[in-house]
Amino acid sequence: MTQSIENVLHEHRRYAPPAEYAARVRWTRDAYDRAYARSLQDPDGFWSDIARELHWFRAPTQALDWQPPHAQWFADGTTNIAYNALDRHLPTRGDARAIVWEGEDGTQRTLTYHELHAQVCQLANALTRLGVHAGDRVTLYLPLIPEAAIAMLACARIGAVHSVVFGGFSASALCERIKDAGSKVLITADGGLRRGSTVNLKASADEALKGTPDIEHVIVVNRTGQAVPMQAGRDLWWDDLLRDASAEHAPAELNSEHPLFILYTSGSTGKPKGVLHTTGGYMVGTYLTTQAVFELGPDDLYWCTADVGWVTGHSYVVYGPLLNGASVFLYEGAPNHPDWSRFWAMIERHRVTVLYTAPTAIRSFMRAGDAFVQRHDLSSLRLLGSVGEPINPEAWVWYHDVVGGGHCPVVDTWWQTETGGIMLTTLPGAHDAKPGSAGLPMFGVDPAIMTRTGQELGPDEGGFLVLKRPWPSMLRTVYGDDDRYQQSYWSEIPGVYFAGDGARRDAEGYVTVIGRIDDVLNVSGHRLGTMELESALVAHPSVAEAAVVGRPDDVKGEGIVAFVTLQSGATATADDVRAHVAREIGAIARPDEIRFADALPKTRSGKIMRRFLRQIAAGQAISGDTSTLEDPAVLERLQQAPAQ
Ligand code: WTA
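Residues numbered from 1 in each chain as written. Predicted model: local features only at pLDDT ≥ 70, side-chain atom pairs only at ≥ 80, totals over all residues. Heavy atoms only, no water.

By the naming in an unreviewed UniProt entry, the protein is Acetyl-coenzyme A synthetase, taken from Deinococcus maricopensis. Per its UniProt entry, the protein bears the Catalytic activity (unreviewed entry) comment "acetate + ATP + CoA = acetyl-CoA + AMP + diphosphate". Among the UniProt annotations of the protein, the heading Cofactor (unreviewed entry) holds the following wording: "Mg(2+)". (UniProt positions renumbered as here; feature names shortened; annotations may be inferred.)

For the protein, the count of helices and strands is 22 helices and 32 strands. On C-alpha atoms alone, the protein measures out to a radius of gyration of 24 Å, which is about the 26 Å that the 2.2 N^0.38 rule sets for 644 residues. Taken along its principal axes, the extent of the C-alpha atoms in the protein is 75 × 65 × 55 Å. Relative to its 644 residues, the protein shows a buried fraction of 62%. Put simply, of all contacts in the protein between residues at least 6 apart along the chain, 71% involve residues at least 24 apart. Here the protein has roughly 23300 Å² of accessible surface; of this, 49% comes from carbon and sulfur atoms. (Helix = DSSP H or I, 4+ residues; strand = E, 2+ residues; numbered from the N terminus. Rg over C-alpha atoms; globule rule 2.2 N^0.38 Å. Buried < 20%, exposed > 50% of the residue type's maximum accessible area, 1.4 Å probe, protein only. Contact = heavy atoms within 4.5 Å. Areas by Shrake-Rupley, 256 points an atom, 1.4 Å probe, with all protein chains shown as cover.)

In a pair of packed helices, the angle between the axes and the distance between the axes together describe the arrangement. Packing of helix α19 (residues 530–538) against helix α20 (residues 574–584) brings their axes to within 9 Å, and their N-to-C directions diverge by 115°. As α19 runs across α20, the sense of the crossing is right-handed. Contacts between α19 and α20 involve Leu-533, Ala-536 and Leu-537 from the former and Val-577, His-580, Val-581 and Glu-584 from the latter. Class assignment for the residues of the contact of α19 with α20 results in five nonpolar, one polar and one charged. (Axes fitted to C-alpha atoms, helices over the stretch in contact; angles between N-to-C directions. Left-handed = near helix turned anticlockwise from the far one by under 90°. Nonpolar A, V, L, I, M, F, W, Y, C, P; charged D, E, K, R; others polar.)

Turning our attention to the packing of aromatic side chains. In this structure the tally under the stated criterion is 34 aromatic pairs. A centroid spacing of 5.1 Å and a plane angle of 85° characterise the contact between Phe-261 and Tyr-282, whose relative ring orientation is edge-to-face. Of the two residues, Phe-261 sits in strand β14 (residues 259–265) while Tyr-282 sits in helix α12 (residues 279–294), which places them 21 residues apart along the sequence. Each of the two residues, Phe-261 as well as Tyr-282, counts as buried. Between Phe-343 and Phe-365, the ring centres sit 5.1 Å apart and the planes meet at 55°, which makes this aromatic pair tilted. Pair noted here: Phe-343 is in helix α14 (residues 342–350) and Phe-365 is in helix α15 (residues 359–368), with a separation of 22 residues, a long-range link. What makes Phe-343 buried here is its relative accessible area of 5%. Geometry around Trp-101 places Arg-109 over its ring, the cationic atom sitting 5.8 Å from the centre. The residue whose ring lies beneath Arg-177 is Phe-169, and the NZ or CZ to ring-centre distance is 4.4 Å. (Phe/Tyr/Trp six-rings, centres within 6.5 Å; stacked < 30°, edge-to-face > 60°. Lys NZ or Arg CZ within 6 Å of the ring centre and 35° of its normal.)

What follows concerns the nonpolar core. In a soluble, globular protein the nonpolar side chains are often hidden away together inside. Ranked by size, the top nonpolar core spans 158 residues in total, and within it Ile-187 and Phe-443 carry the most contacts. Once residues lying within four places of it in the same chain are set aside, the contact partners of Phe-443 are Trp-27, Tyr-32, Ala-35, Tyr-36, Ser-39, Phe-46, Trp-47, Leu-288, Ala-292 and Leu-427. The next biggest cluster of nonpolar side chains, apart from the first, holds 31 residues, and it includes Phe-343, Trp-344, Ile-391 and Val-403. (Core = buried A, V, L, I, M, F, W, Y, C linked by side-chain atoms within 4.5 Å.)

A few words now on the UniProt feature "binding site: CoA" (unreviewed entry) in the protein. Mapped onto this numbering, the UniProt entry annotates "binding site: CoA" (unreviewed entry) at Arg-194, Arg-195, Gly-196, Ser-197, Thr-312, Asn-336 and Ser-524. A maximum C-alpha distance of 25.0 Å is found for the annotated residues, which run over 331 residues; spatially they are spread out rather than grouped. Examined against the element boundaries, Ser-197 turns out to sit in strand β10 (residues 197–199). Of the residues examined, Ser-197 reaches a relative accessible area of 41% and is grouped as partly exposed. Here Ser-524 lies in the loop between β28 (520–523) and β29 (526–529). The residues contacting Ser-524, other than those within four sequence positions of it, are Thr-360, Glu-389 and Lys-556.

This part covers the confidence of the model for the protein. On average, the protein scores 96 in pLDDT, and the residues at 70 or more come to 98%. We note a pTM of 0.96 for the whole complex and an ipTM of 1.00 for its interfaces. (pLDDT = per-residue confidence, 0-100.)

Spatial ordering of the open sheet is given by β23-β24-β26-β27, a layout of four strands whose pairing is antiparallel. Taken across any chain shown, the strands that pair with only one partner, and hence form the sheet edges, are β23 (447–450) and β27 (511–516). Strand-to-strand twist in this sheet, taken as the mean axis angle between neighbours without regard to direction, amounts to 45°. Both β23 and strand β24 (residues 463–467) contribute to a ladder of four bridges, which runs antiparallel. Within the sheet, the bridge partner assigned to Met-450 lies in β24 and is Phe-464. (Pairing = 2+ DSSP bridges.)

Moving on, we come to the UniProt feature "domain: Acetyl-coenzyme A synthetase N-terminal" (unreviewed entry) in the protein. In the numbering adopted here, UniProt assigns the feature "domain: Acetyl-coenzyme A synthetase N-terminal" (unreviewed entry) to residues 32–85. For residues 32–85, the helix share is 44%, the strand share is 19%, and the end-to-end C-alpha distance is 25 Å.

Our next topic: the site of the ligand. Taken together, the neighbourhood of the ligand is formed by 17 residues, with Thr-413, Thr-417, Asp-501, Arg-516 and Arg-527 sitting nearest. Between the ligand and Pro-390 there is a distance of 3.4 Å, counted from a nitrogen atom to a backbone nitrogen or oxygen. With respect to the ligand, the side chain of Thr-417 contributes an N or O atom lying 2.6 Å from an oxygen atom. Within the complex, 96% of the 520 Å² of free accessible area of the ligand lies under protein. When residues of the shell around the ligand are traced back to their parent elements, those giving at least two are α13 (311–323), β20 (410–413) and β27. (Near = heavy atom within 4 Å. Polar contact = N/O pair within 3.5 Å; in protein donor to acceptor, adjacent residues only side chain to side chain.)

Restricting attention to buried positions, one finds in helix α22 (residues 633–640) the residues Val-634, Leu-635 and Leu-638. End-on view of α22: buried residues confined to an arc of 100°, all on one side of the axis. α22 presents Glu-636 and Gln-640 as exposed residues on the side facing more than 90 degrees away from its buried surface. Contacts made by the buried residues of α22 are with β31 (557–566), β32 (593–596) and α21 (610–617). (Arc of directions from axis to C-beta.)

Written as structure tokens, this is what we have:
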């Protein structure tokens with residue numbers, strides 16, 4: 001990390017919006033300046049005007065009701081986000097493509113807005129017939145297939161709260177999330193395709209369901225055609241359900257603050273947080289940010305490569321683009337299947353115009369070599385986006401020059417599961433981009449860099465990134481644990497939203513986000529809590545204690561290093577331990593490195609000194625006061641322990 005901070009500090013390149021871009025967009029520099037100023041001076045007027053661009057069954061009379069730290073947006077309005085994402089476009093865009101999908105095996109499917117609308121309505125009717133009511137929770141555990149979007153929208157249409165669990169999570173992670181949400185229906189698939197093999201989702205789901213008695217029905221999409229056991233009375237095929245369901249459906253008229261979805265993300269304790277988003281504010285926020293950042297028109301085919309299991313997949317694969325009537329490209333599989341040209345081949349084949357992906361992917365492509373990119377005609381591309389982790393200037397410039405051919409603006413976007421939508425970015429027709437810096441605040445976003453005690457810092461001083469006012473797409477609470485909501489986000493520095501990131505802001509207001517300052521790792525753009533990893537490790541019968549730290553990784557941003565002590569007399573190999581973590585959480589959590597040790601560095605009161613472990617993991621010399629350690633000699637032994 002030190003290396004990349006240095007790089008960012010010495011980065012002075014800037015990239016102005018291409019002239020033809022600035023001439024064509026709604027969000028020019030002037031338009032941004034005026035709207036941003038108004039969004040802070042007259043938030044009620046600003047947000048009420050934006051809300052009016054969407055459909056409300058009952059129009060809200062007020063934008064914000066702020067009882068810190070709880071916000072309600074458009075509270076007396078009623079609406080339906082699925083109606084706004086689908087029905088609203090039918091008269092003008094009914095035959096336009098809503099979703100263009102390519103499976104990893106090359107299968108292709110296209111759904112027009114009419115077709116997507118019909119299938120969403122059918123599933124909405126089927127769910128209702130199964131007894132799902134507004135407010136009930138439905139867990140989704142699916143590959144990246146159109147049914148994932150259909151299922152989310154069908155839940156939203158009837159007011160059921162969806163909880164999407166990434167298909168790469170293990171049975172036990174799924175089980176924990178189903179229980180926490182109290183879901184009564186699970187929607188899954190027989191399997192999915194990943195890097196040429198089949199991921200057995202239904203088998204994991206069956207395993208998870210042994211521990212979740214509340215699930216009444218399991219709806220199974222036939223994706224791979226493999227034989228899967230179906231439990232009579234519980235399991236139903238998606239196709240059978242839809243075949244019998246009407247394609248007419250009146251959307252539920254929901255209060256603006258009706259819960260829309262729960263999405264689990266890692267925090268600094270062992271238990272993932274169920275971030276709760278509600279209807280109206282999330283809708284207005286994702287609608288506006290998608291419009292401002294991407295300005296999608298009828299000729300665009302927009303591709304955000306995120307899985308629907310992450311927030312980026314919620315806000316910028318499904319809701320934001322469909323609220324804007326855009327055509328969305330979806331790809332099911334791995335970026336390197338059958339080789340590293342897969343993305344570029346698909347961009348050429350489908351004439352994708354906007355690509356929004358993560359720095360880890362960009363760095364992997366960079367490492368694979370330019371030839372994979374250059375073999376393809378990428379002239380359809382007009383805009384590139386980056387999300388999920390800090391992007392180092394080298395990767396930014398490579399993305400711009402090699403993928404974008406030097407003519408596509410690159411927008412880096414900083415935000416979080418909790419913020420619901422993009423908070424910091426440069427608008428492609430309005431602002432110069434500075435590689436490595438996420439950029440300027442979106443409308444209504446009031447960021448600051450503060451010390452631990454809440455003192456605001458000046459230009460170029462490093463500190464904690466906070467947001468000083470509420471915004472429409474903010475999380476409303478942690479599901480079932482409002483205390484945790486208040487503690488994690490609004491109490492670290494009283495009165496402001498504490499993002500958990502370290503950052504700096506330059507004299508022009510550009511914010512550079514350095515990375516997490518809490519016990520959360522960002523591995524390939526995925527958030528993983530060190531405590532969560534440690535609880536998975538100690539659940540291994542041979543493991544006595546474990547401490548997990550991140551270490552800088554050129555491709556993944558951060559790698560996972562686990563220091564492990566074994567029970568006396570027990571044996572385990574590094575591979576055993578790694579496989580165990582993958583079983584407990586999922587393959588994304590597999591430690592890169594295991595270091596077995598006879599003891600961990602602890603203070604006399606028993607606290608593990610992670611600072612030293614981070615230094616050892618990064619191969620640095622130990623620095624800092626070691627005198628508080630119970631046994632300073634532990635450090636030397638740890639440095640000598642082979643990394644496996
Ligand atoms: C990090 C993903 C630097 C950050 C949308 C944040 C970023 C966490 C950026 C949220 C960016 C996301 N530059 N860091 N452009 N975007 N992050 O909840 O540490 O999966 O707190 O949301 O990712 O991750 P999450």
